[in-house]
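# Analysis of the macromolecular model
Listed here are the chains, written in short residue letters.
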Amino acid sequence: MNTPQAIPCTGDAGDFDFLMGSWRIRNTRLSKRMAGCTDWETFDARGTVQPLPGGIGNCDDFIPTTWSAGYIGMALRLFNPQTRRWSIYWLDNVTGGLDSATDLLRPPVVGGFSGTDQGVFIGTDTFEGQPVHVRFQWRKKNLATGSPRWEQAFSNDGGLTWETNWVMEFSRATGATR
């Protein structure tokens, strides 16, 4: 499966510094993906983002407060200084982030910010047994709130059309500082 668009380069290992610290996360998630669904569910979560040693990246936790009892997720973001690109992996306590056929990490999305406040990260994966392109879009400052915003979208037509299926709006946790 070919990548549908060029993957942007990023500036440096500090591109996600804006995300460090503790957050309240408002999630809006499409109830059924890739099915023409227009029903959305909304729920809250909390998360904390921490740098990895040596400036190689960062990781966060994602803990819903009411949705999917017991679910825990984690993003692992790794920076490659040679290509100046980020690889973002999603891990959770349902699959471990592992492909069930190979026991290897599921493919990352790869990209960067290209010197702007918006980052684009593209990858390939499978959804319900079918290949899909996956796109993450990060905005360091959402125009409406001034806080970070993340969106996930899938494409099953080689990137011609995209279905946004998850949006996260971040706000600093009470008492949290950066």
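Data block above holds the structure.
Procedures and definitions
Counting restarts for each chain: residues are numbered from 1 in the order of the written sequence. Residue-level local features of this predicted model are given only where pLDDT is at least 70; pairs of side-chain atoms are given and counted only at 80 or more, and the full residue set underlies all totals for whole chains, interfaces and linings. Only heavy atoms go into the side-chain values, all of them from the structure, while hydrogens and water stay out. Secondary structure elements are taken from DSSP: a helix is a run of H or I of four residues or more, a strand is a run of E of two residues or more, and numbering for both begins at the N terminus. Radius of gyration here uses only the C-alpha atoms, and the compact-globule reference equals 2.2 Å multiplied by the residue count raised to the power 0.38. Think of it in three bands: residues with accessible area under 20% of the maximum for their type are buried, residues over 50% are exposed, and the middle band is partly exposed, with areas taken using a 1.4 Å probe on protein chains only. The criterion used for residue contact is that any of the two residues' heavy atoms lie within 4.5 Å. Note on areas: these come from Shrake-Rupley sampling with a 1.4 Å probe, and a residue is covered only by the protein chains present in the view. Positive charge is attributed to Lys and Arg, negative charge to Asp and Glu, and no charge count is given to His or to the chain ends. To locate a charge, take atom NZ for lysine, CZ for arginine, CG for aspartate or CD for glutamate. For Phe, Tyr and Trp, where Trp contributes only its six-membered ring, two rings pair if their centres lie within 6.5 Å, and the inter-plane angle classes them as stacked under 30 degrees, edge-to-face over 60, or tilted in between.

## Looking at the overall build of the chain
- Across its full length, the chain holds 0 helices and 10 strands.
- Each helix and strand of the chain, ordered N terminal to C terminal, gives the series β-β-β-β-β-β-β-β-β-β.
- Against the globule reference of 16 Å for 178 residues, the chain gives a C-alpha radius of gyration of 16 Å, in line with a compact fold.
- In terms of principal-axis extent, the alpha carbons of the chain reach across some 40 × 40 × 35 Å.
- Buried positions account for 43% of the 178 residues belonging to the chain.
- Counting contacts in the chain only where the partners sit at least 6 residues apart, residues at least 24 apart contribute 42% of the total.
- With the model as given, the accessible surface of the chain reaches about 9500 Å², and the carbon-plus-sulfur share is 52%.
- Here the chain contributes 17 positive and 18 negative side-chain charges, whose respective centroids are spaced 6 Å apart.

## Details of the packing of aromatic side chains
- Inspection of the entire model under this criterion finds 21 aromatic pairs.
- Considering the side-chain rings of Phe18 and Phe113, the 6.1 Å spacing of their centres and the 85 degrees angle between planes classify their relative orientation as edge-to-face. One end of the pair, Phe18, is in the segment before strand S1 (21-30); the other, Phe113, is in the loop between strand S6 (109-112) and strand S7 (118-127), with 95 residues separating them in the sequence. Phe113 shares its class with Phe18; the two are buried.
- Ring geometry for Phe62 versus Trp166: centroids 6.3 Å apart, planes at 70 degrees, classification edge-to-face.

## Notes on the side chain of Asn165
- Locating Asn165 in the fold gives a position in strand S10 (residues 163-172).
- Look at Asn165 and you get buried, because its relative accessible area is 0%.
- For Asn165, the contacting residues outside a window of four places in its chain are Thr28, Arg29, Leu30, Arg33, Trp40, Gln152, Ala153 and Phe154.

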